[in-house]
Protein chains: 2
Amino acid sequence: MYSIAIHGGAGTLTRNQMSPEKEQAYLSTLKESVDKATLVLKEGKSALDAVEAAVRILEDSPLFNAGKGSVFTHTGKHEMDASIMEGQYKMAGAVAGVHGIKNPISMARRVMEGTEHVLLSGEGAMQFAIDQNIAMESEEYFYDELRYKQWQAALKTGSMQLDHTPLDEKKFGTVGAVALDLHGNLAAATSTGGMTNKQFGRVGDTPIIGSGTYANNATCAISCTGSGEFFLRGVVAYDVSCLMEYKGLSLQSACEKVIHERLLSIGGDGGLIGVDLQGNISMTFNTEGMYRAARNSQGFESLAIYK
Amino acid sequence: MYSIAIHGGAGTLTRNQMSPEKEQAYLSTLKESVDKATLVLKEGKSALDAVEAAVRILEDSPLFNAGKGSVFTHTGKHEMDASIMEGQYKMAGAVAGVHGIKNPISMARRVMEGTEHVLLSGEGAMQFAIDQNIAMESEEYFYDELRYKQWQAALKTGSMQLDHTPLDEKKFGTVGAVALDLHGNLAAATSTGGMTNKQFGRVGDTPIIGSGTYANNATCAISCTGSGEFFLRGVVAYDVSCLMEYKGLSLQSACEKVIHERLLSIGGDGGLIGVDLQGNISMTFNTEGMYRAARNSQGFESLAIYK
């Protein structure tokens, strides 16, 4: 059997700010992403291929804060983070603070498969991208008028925003995917365009194996979205895996315990998606909503934004 | 009661490469570090103060690959990583890829206490250091003839080295400390000068909460040293904590399981130091040795390099 789940970030616009057109656009891109990953899995390709394909579609959309849709940093740049992991050998790759990269998730995979390293960062990582002919895009590709205005507004107030929504809202701009393939292997991938008006080279949980992303055939594959600092301190993705491996919890129970109890106890909000070796899917969040979609070979389907 | 343990890296020189003078110098600096931390703890100060003080002494020594003793990157710079965490509120701070910072561990603490962030990286982090008047040193301060020669040798062969020892050896250049204070709080700190001839902004486990460093009053405080990529994939520091919390293992059993079974099963080598709320200390490694020292208020003392 196969299973796929994707997310486009937790938090979400409140219902009264979401127009029917906007909602339709989000749902349609989520559907495109999960459709593509399903096709990859049906063809017998790897979970790794499926999560990369799903995340690339979300990165290529201007709607989500990742890849093309990345927000502006304090200095008007787009700094992106991504990570990917597979569950059979527990190999992983990640990039932090890269810019101009069309698909950071594919660069993370290149780090995993083409180097002895797990995490490359900043200007050093950019040198790797150039050496490896990783696909780049111009500044115009990443330009978006709405995001630009929000950056200007944030500059004036001196605030940092996790995404492109108004300051008084919480929306965590991350995309991700988890999959089980027909060969019984798990994989997870997560990508983000960071925080609006981000300063000081802040790195959240997205590129961190164990916090934002984790995969292990013995337990589960997890991709997180939320207030990154809390996910780092909670080592959230690996926490789900440990609750399953060491305490015998099911995927759903482990996800609920981590998101509704452990993360909340330190003040964090957000959500995660997970899949286990039996193809079970969990999409758990403690926010107003989470852009999400899922499908498996047993006929399970989900496409939703709000609770 | 109080407990303190420190490490100066796993791997170590083989016995026939270690002169009595060199061995004495290492032991003397380890003793100075553990003495200082003991004094801090006896005065009733926090575990956080103790691990910071211990690591600062190791960072200020040219013998260990952290702070002053940091190795040269590919471009002849010194790029350092550090992280710190306390167990009561599970607050954490970390820096990755910073240069010219005299004591990266104190900068990590400033990130923890002075920002809403956990991890700052690269040039953005340098801007934070300047804004915050973090103590800096000139390039000459970090210059060391032996390290320079090793960098030149590595440049010629195109290899990366984890430390200042010959290429055919394994020595993991990291320093760290874990402590339990009289108030019953735990803390952990880890700092490194990276890999000789390091390229591409490679980040290891040292600045990653959950992998290189973790502290939680419910379980333990852990600082790791070893082949960083394997520690990242194994989420090693948090794995020890989870084995204690979810499976009920003792600190020593958890450390042994992680270092001798789980880390080895993915091909990783290195070690870690840990302390729990009862003041128990574990110093566990699967390498030839680990520079280490420990002390507690019950009279336990240790100062050693080899097994």
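Look up a bit, the structure's there.
Quick look at the structure, then. Since we're looking at a predicted model, the values are computed, not measured.

Analysis parameters
Residues numbered from 1 in each chain as written. Chains lettered and ligands numbered in written order. Predicted model: local features only at pLDDT ≥ 70, side-chain atom pairs only at ≥ 80, totals over all residues. Heavy atoms only, no water. Contact = heavy atoms within 4.5 Å. Buried area = accessible area lost by both parts, 1.4 Å probe. Salt bridge = Lys/Arg side-chain N within 4 Å of Asp/Glu carboxyl O. Polar contact = N/O pair within 3.5 Å; in protein donor to acceptor, adjacent residues only side chain to side chain. Helix = DSSP H or I, 4+ residues; strand = E, 2+ residues; numbered from the N terminus. Nonpolar A, V, L, I, M, F, W, Y, C, P; charged D, E, K, R; others polar. Least-squares fit on C-alpha atoms with pLDDT ≥ 70 in both. Pairing = 2+ DSSP bridges. Axes fitted to C-alpha atoms, helices over the stretch in contact; angles between N-to-C directions. Expected span 1.5 Å × (residues − 1). Buried < 20%, exposed > 50% of the residue type's maximum accessible area, 1.4 Å probe, protein only. Parallel < 35°, antiparallel > 145°, perpendicular 65-115°, else oblique. Left-handed = near helix turned anticlockwise from the far one by under 90°. Core = buried A, V, L, I, M, F, W, Y, C linked by side-chain atoms within 4.5 Å. Bend = angle between axes of the 7 residues up to and from the residue.

### Some remarks on the interface of chain B and chain A
Each side of the interface is counted separately: chain B has 41 residues, and chain A has 41 residues. Between chain B and chain A, the buried area comes to about 3,400 Å², and carbon and sulfur atoms account for 62% of it. Taken as a group, Phe200(B), Arg233(B) and Tyr246(B) account for 24% of the area that chain B buries against chain A, more than any other trio of residues on that side. Linking chain B to chain A there are 2 salt bridges. A salt bridge links Arg262(A) to Glu245(B), with the shortest nitrogen-to-oxygen separation between them at 2.8 Å. Applying the counting rule to chain B against chain A returns 23 residue pairs in polar contact (both at pLDDT 80 or more). Counting residues per element, the ones that place at least two in the side of chain B that touches chain A are strand 4 (119-121), helix 4 (122-131), strand 7 (202-203), helix 7 (228-234) and helix 8 (236-247) of chain B. In terms of residue count, the dominant contributor to the side of chain B that touches chain A is helix 8 of chain B (7 residues). In terms of residue class, the side of chain B that touches chain A is built from 23 nonpolar, 8 polar and 10 charged.

### Digging into the relation of the copies chain B and chain A
Structural alignment of chain B on chain A gives an RMSD of 0.0 Å, achieved by rotating through 180° and translating 0.0 Å along the axis. In short, the pair behaves as if placed about a two-fold rotation axis. Taking the C-alpha atom as reference, chain B places Tyr246(B) closest to the rotation axis, 2.8 Å from it. Comparing interface residues between copies, 100% of those in chain B also sit at the interface in chain A, which points to an isologous, same-surface contact.

### Here's the deal with the sheet that holds strand 5 (residues 174-180) of chain B
Read from one edge to the other, the open sheet built from 9 strands follows the order 7(A)-4(B)-3(B)-2(B)-6(B)-5(B)-1(B)-12(B)-13(B), with strand pairing classed as mixed. Since the sheet does not close on itself, it has two edges, and those belong to strand 7 (202-203) of chain A together with strand 13 (301-306) of chain B, each with one partner. Contacts from helix 2 (residues 47-60) of chain B reach strand 1 (3-10), strand 2 (80-86), strand 5 and strand 6 (186-192) of chain B within the one sheet, and its direction differs from that of strand 5 of chain B by about 155°. Contacting strand 3 (92-98) and strand 4 of chain B, helix 4 of chain B runs over the sheet at an angle of about 105° to strand 4 of chain B.

### Some words on helix 2 of chain B
Residue and element names in this part refer to chain B. In a regular helix each residue adds 1.5 Å, so 14 residues correspond to 20 Å; helix 2 covers 20 Å between its end C-alpha atoms and thus fits that length. Across the 14 residues that make up helix 2, a large majority, 11, are buried. Looking at helix 2, one finds that the buried residues are Ala 47, Leu 48, Ala 50, Val 51, Glu 52, Ala 53, Ala 54, Val 55, Ile 57, Leu 58 and Glu 59. The elements touched by buried residues of helix 2 are strand 1, helix 1 (20-42), strand 2, helix 3 (104-114), strand 5 and strand 6.

### A closer look at the packing of helix 8 of chain B against helix 9 (residues 251-265) of chain B
Residue and element names in this part refer to chain B. Their axes nearest at 9 Å, the elements helix 8 and helix 9 cross at an angle of 130°. Viewed along their axes, helix 8 and helix 9 adopt a mutual orientation that is oblique. The two elements helix 8 and helix 9 cross, and the hand of that crossing is right-handed. Residue-level contacts link Val 236, Asp 239, Val 240, Leu 243 and Met 244 of helix 8 to Leu 251, Ala 254, Cys 255, Lys 257, Val 258, Arg 262 and Leu 263 of helix 9.

### Here we look at the side chain of Arg262(A)
Inspection of the secondary structure assignment puts Arg262(A) in helix 9 (residues 251-265). Among residues more than four places away in sequence, those in contact with Arg262(A) are Asp239(A), Lys257(A), Tyr238(B), Glu245(B) and Tyr246(B).

### A word on the nonpolar core
In terms of nonpolar packing, the biggest core is built from 94 residues, with Ile222(A), Val240(A), Ile222(B) and Val240(B) touching the most fellow members. With residues up to four places along the chain from it excluded, the contact list for Ile222(A) reads Val178(A), Ala188(A), Gly212(A), Thr213(A), Tyr214(A), Ala237(A), Val240(A), Leu251(A), Cys255(A), Leu272(A), Ile273(A) and Gly274(A). Phe64(B), Ile105(B), Met112(B) and Met126(B) belong to the second largest nonpolar core, which has 51 residues in total.

### Here's the deal with helix 9 of chain B
The end-to-end C-alpha distance of helix 9 of chain B, which contains 15 residues, comes to 20 Å, matching closely the 21 Å that a straight helix rising 1.5 Å per residue would cover. The sharpest bend along helix 9 of chain B reaches about 35° and sits at Val258(B). What helix 9 of chain B keeps buried is the set Leu251(B), Ala254(B), Cys255(B), Val258(B), Ile259(B), Arg262(B) and Leu263(B). Structurally, helix 9 of chain B contributes buried residues whose contacts are with helix 8 (236-247) of chain A together with strand 9 (220-226), helix 7, helix 8, strand 10 (270-276) and strand 11 (281-285) of chain B. Taken from the residues just after helix 9 of chain B, Gly267(B) is the one with a positive phi, measuring 95°.

### A word on the environment of Arg110(A)
Residue and element names in this part refer to chain A. Note on placement: Arg 110 falls in helix 3 (residues 104-114). A residue is classified by how much of its surface remains accessible, and Arg 110, at 33% relative accessible area, is partly exposed. Considered as a pair, Arg 110 and Trp 151 are 41 residues apart in the sequence and their alpha carbons are 31 Å apart. Residues in contact with Arg 110, not counting those within four places in the same chain, are Thr 115, Phe 128, Gln 132 and Ile 134.

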